[in-house]
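Residue-level listing of the chains:
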Amino acid sequence: MSNDTLRDLSQNPLVQRLGVPRIPVLRRHVPGAPLLDGPALVGTVGGGTFADAVRALLKNEGVAEAAEGKVAGVVLDATAARTLDDLAAVQEFLTPAVRRLAPNGRLLVLAPEPTEDPEAAAVAQAFDGIVRSVAKEVRAGATANLLVVHPDAPPAALDSSVRFLLSGRSAYVDGQVVHVGVPVGPEQDPIGMDAPAEPVAPLAGRVAVVTGAARGIGAAIADTLARDGAVVVAVDVPAAGEALAAVANRTGGTALQLDITAPDAADRLLAHLRERHGRVDVVVHNAGITRDKLLANMDADRWNAVLAVNLRAQLVINGALLEGDLLSDTGRIVCVASTSGIAGNRGQTNYAASKAGVIGMIRALAPRAAARGVTVNAVAPGFIETEMTARMPLGTREGGRRINSLRQGGLPVDVAETVGWLGQAESGGVTGQVVRVCGQSMIGA
Ligand code: NAD
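Since this is a predicted model, take the numbers as computed values, not measurements.

Asker: Looking at this model, I keep getting lost on the overall build of the protein. Mind explaining?
Answerer: Counting its regular elements, the protein contains 15 helices and 12 strands. For 445 residues, the compact-globule estimate of 2.2 N^0.38 gives 22 Å, and the C-alpha radius of gyration of the protein, at 21 Å, lies within 12% of that figure. The buried share among the 445 residues of the protein stands at 51%. For the protein, restricting intrachain contacts to residue pairs at least 6 apart in sequence, the fraction spanning at least 24 positions comes to 76%.

Asker: Where do I start with unusual backbone geometry in this structure?
Answerer: A negative phi holds for most residues other than glycine; trans holds for most peptide bonds. We note that Asn104 has phi near 60 degrees; this positive angle belongs to a residue other than glycine. Note on placement: Asn104 falls in strand β3 (residues 101-112). Residue Arg407 is not a glycine yet carries a positive backbone phi of 55 degrees. By the secondary structure assignment, Arg407 is in the loop between α14 (394-402) and α15 (412-423).

Asker: What is the right way to look at the site of the ligand in this model?
Answerer: Close to the ligand lie 27 residues, the nearest being Gly212, Gly216, Ile217, Gly288 and Ile384. Only α7 (216-227) and α13 (387-390) provide two or more residues apiece to the shell around the ligand. When its residues are assigned to classes, the shell around the ligand shows 13 nonpolar, 10 polar and four charged.

Asker: Would you mind going over helix α4 (residues 84-100) with me for this structure?
Answerer: Note on helix geometry: an α-helix contains 3.6 residues per turn, so any two residues three or four positions apart are oriented the same way. Across its 17 residues, α4 extends 25 Å between first and last C-alpha, which sits within 8% of the 24 Å expected from 1.5 Å per residue. Among the residues making up α4, those that are buried are Asp86, Leu87, Val90 and Leu94. Those residues of α4 hidden inside the fold are in contact with β2 (71-77) and α5 (118-137).

Asker: What exactly am I supposed to notice about the pairing of strand β11 (residues 375-381) here?
Answerer: Of all seven residues making up β11, seven are buried, and the element is well covered by its neighbours. With burial as the criterion, each face of β11 is covered, one bearing Thr375, Asn377, Val379 and Pro381 and the other bearing Val376, Ala378 and Ala380. Pairing geometry for β11 and strand β12 (residues 434-437), over four bridges, is parallel. The partner of Val379 across the bridge, within β12, is Val435.

Asker: Just checking my understanding: could you explain the environment of Asp281 for this structure?
Answerer: As for its position among the elements, Asp281 is in strand β9 (residues 280-285). Linking Asp281 and Ala208, residues 73 residues apart in sequence, is a C-alpha distance of 5.9 Å. Among all residues touching Asp281, those that are not within four sequence positions of it are Arg206, Val207, Ala208, Ser328, Thr330, Gly331 and Arg332.

Asker: Looking at this structure, how should I read the UniProt feature "domain: Ketoreductase" (unreviewed entry) in the protein?
Answerer: The UniProt feature table records "domain: Ketoreductase" (unreviewed entry) at residues 206-387. For residues 206-387, the helix share is 48%, the strand share is 21%, and the end-to-end C-alpha distance is 30 Å.

Asker: Even after reading the chapter, I still don't get the pairing of strand β1 (residues 40-44), so can you show me in this structure?
Answerer: The side chains of a regular strand alternate between the sheet's two faces. Burial analysis of β1 places four of its five residues in the buried class, the great majority of the element. Of the strand pairs in this sheet, β1 and β2 are connected by five bridges, and their pairing is parallel. Within β2, the residue paired with Gly43 across the bridge is Leu76. For the handedness criterion, the β-α-β arrangement of β1, helix α3 (residues 51-60) and β2 is classed as left-handed.

Asker: Just checking my understanding: could you explain the sheet that holds β12 for this structure?
Answerer: Spatial ordering of the open sheet is given by β8-β7-β6-β9-β10-β11-β12, a layout of seven strands whose pairing is parallel. Looking at strand neighbours, the two that pair on one side only are β8 (254-257) and β12, the edges of this open sheet. Here the strands of the sheet are splayed against their neighbours by 20 degrees on average, with no regard to which way each runs. Relative to β8, strand β7 (residues 231-236) runs parallel, the two sharing four bridges. Its bridge partner lying in β8, Val235 is registered against Leu256.

Asker: Where do I start with the nonpolar core in this structure?
Answerer: Generally speaking, soluble globular proteins have nonpolar side chains that are buried together. Core analysis: the largest hydrophobic core is formed by 133 residues, its most contacted members being Val210, Ile221 and Ala234. For this core, the element with the most residues is helix α12 (residues 349-370), which contributes eight residues. When residues of this core are assigned to domains, at least three map to each of domain 1 (38-180) and domain 2 (207-437).

Asker: Hey, could you run me through the sheet that holds strand β5 (residues 177-180) in this one?
Answerer: By definition, the strands of a sheet pair up through backbone hydrogen bonds, in either a parallel or an antiparallel sense. One open sheet holds the five strands; their spatial order is β1-β2-β3-β4-β5, and the pairing between them is parallel. The sheet terminates laterally at β1 and β5, the two strands that pair on one side only. Ignoring strand direction, the axes of neighbouring strands in this sheet form an average angle of 15 degrees. Relative to the sheet, α3 contacts β1 and β2, its axis offset from that of β1 by approximately 165 degrees. The strands touched by α4 within the sheet are β1, β2 and β3, with β2 carrying the most contacts at an inclination of about 170 degrees.

Asker: Please clarify how the environment of Ser338 should be interpreted in this entry.
Answerer: With respect to the helices and strands, the residue Ser338 is situated in the loop between β10 (327-336) and α11 (340-343). A count of 28 C-beta atoms within 10 Å places Ser338 in the buried class. The spatial distance from the C-alpha of Ser338 to the C-alpha of Gly216 is 15 Å, given a sequence separation of 122 residues. Here Ser338 is in contact with Lys355, Ala380 and Pro381, once residues within four sequence places are set aside.

Asker: Just checking my understanding: could you explain the domain arrangement of the protein for this structure?
Answerer: Often, the extent of an interface is quoted as the loss of accessible area upon association of its parts. Taken domain by domain, the protein comprises domain 1 (38-180) and domain 2 (207-437). Here domain 1 and domain 2 have C-alpha centroids that lie 29 Å from each other. The partner domain 2 presents 16 residues to the 20 residues of domain 1 that form the contact. Taken together, the elements giving at least two residues each to the side of domain 1 that touches domain 2 come down to α5, α6 (159-166) and β5. The dominant element in the side of domain 1 that touches domain 2, judged by the number of residues it contributes, is α6, at four residues.

Conventions and cut-offs
Residues numbered from 1 in each chain as written. Predicted model: local features only at pLDDT ≥ 70, side-chain atom pairs only at ≥ 80, totals over all residues. Helix = DSSP H or I, 4+ residues; strand = E, 2+ residues; numbered from the N terminus. Rg over C-alpha atoms; globule rule 2.2 N^0.38 Å. Buried ≥ 20, exposed ≤ 12 C-beta atoms within 10 Å, placed from the backbone. Contact = placed C-beta atoms within 7 Å. Near = placed C-beta within 6 Å. Nonpolar A, V, L, I, M, F, W, Y, C, P; charged D, E, K, R; others polar. Expected span 1.5 Å × (residues − 1). Pairing = 2+ DSSP bridges. UniProt positions renumbered as here; feature names shortened; annotations may be inferred. Right-handed = clockwise from strand over helix to strand, strands pointing away. Axes fitted to C-alpha atoms, helices over the stretch in contact; angles between N-to-C directions. Core = buried A, V, L, I, M, F, W, Y, C linked by C-beta atoms within 7 Å. Domains from an automatic or database assignment.

Written out as structure tokens, the structure is:
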């Protein structure tokens, strides 16, 4: 039994007979499980050049292609689409393909970046509308997402993103648009999509810091990164020391009791990393607080406390990391924002300021960090089933849970899997992006 009673009840045929629609049980990643639960369909319009690489990836993952019948995944390479006639071909491909999509299926469209030509720019942008709409149409836990591909991106740059968006790791990522560019850093990864199937431990050998790791989403991030092979440095305030130690013991990493707003926080974090691990590859800024009040009743303490934890500490630590030499040349900084920072939320001007600020920060840092091989991205969770959301009044909680395309809240692990994807060395083509983990919530859409 989960804490979503309505979803649990809706699995019962008797309840369904009363007219209650079935709320899907989402397919989530299980180590060792196949990328997709069944065969896939791969298509192309306008002569896209990535489809062959996707086919090779699927073959290596043991996923067959099926000309007819139900499919667990559909990938359309439309990166060469330039004309309205190409768009007509997109509809011709997608309409029967969507009918064939199995429950918990994955639809993934690869689209071009807009160019200066008005028709080509219109066509490129049209994919945004297509994918965001079809994501609202597909049922039973299926998702639809869009990768906008830079014309010079090598096929290998798409590898980790295609895997993530087809797999159970992206269970609560729906209706999202992510740009994939030429991987950052001085050297390009020479490995193509015909690389071996995803290793069981895609983060093996990487050192990851997770702030706010003692509980909630941060603890799930620590668990997930450790499951995928990373050595995790779990950071939280001294008051959470016991829970923090439990996370560090469970994940086999180290714990650092640290208030990230302390004046010497960056120095102490860097010293811990240098002394205990000698380096860092993945930095996850997850620690966050709320101090809700309507702006008319807001006081400086509430305002400043939220900005200090959620934004200032990230700015200071990122500054120190990017100036120093501890962050490796496949460094990945992942900041936890929120859909409140995109859509705004009543009573949360301080929180939304901090989370929107995080989005501004990652966009400014991404081009600066690129030269040294570092990516900077944000994940923006929507309604996630945590202790915090369990304490909401029933009406607010039910509202938050259902106003998204998957008609349920996400789990902390859904945020964690998204962080894990962005943390991979292979995800160097994804930077300056904000990925919502919100089941395509209508809030912040
Ligand atoms: P939580 O309150 O359960 O956990 C936050 C952790 O951060 C706690 O362990 C806390 O001790 C730690 N922390 C707070 N201040 C700190 C400081 N100064 N130094 C070090 N650690 C500190 O919260 P959660 O629900 O797990 O949220 C995690 C992140 O996800 C936050 O950034 C939050 O804003 C964001 N988020 C959560 C939701 C949701 O639905 N739960 C939605 C959107 C965004």
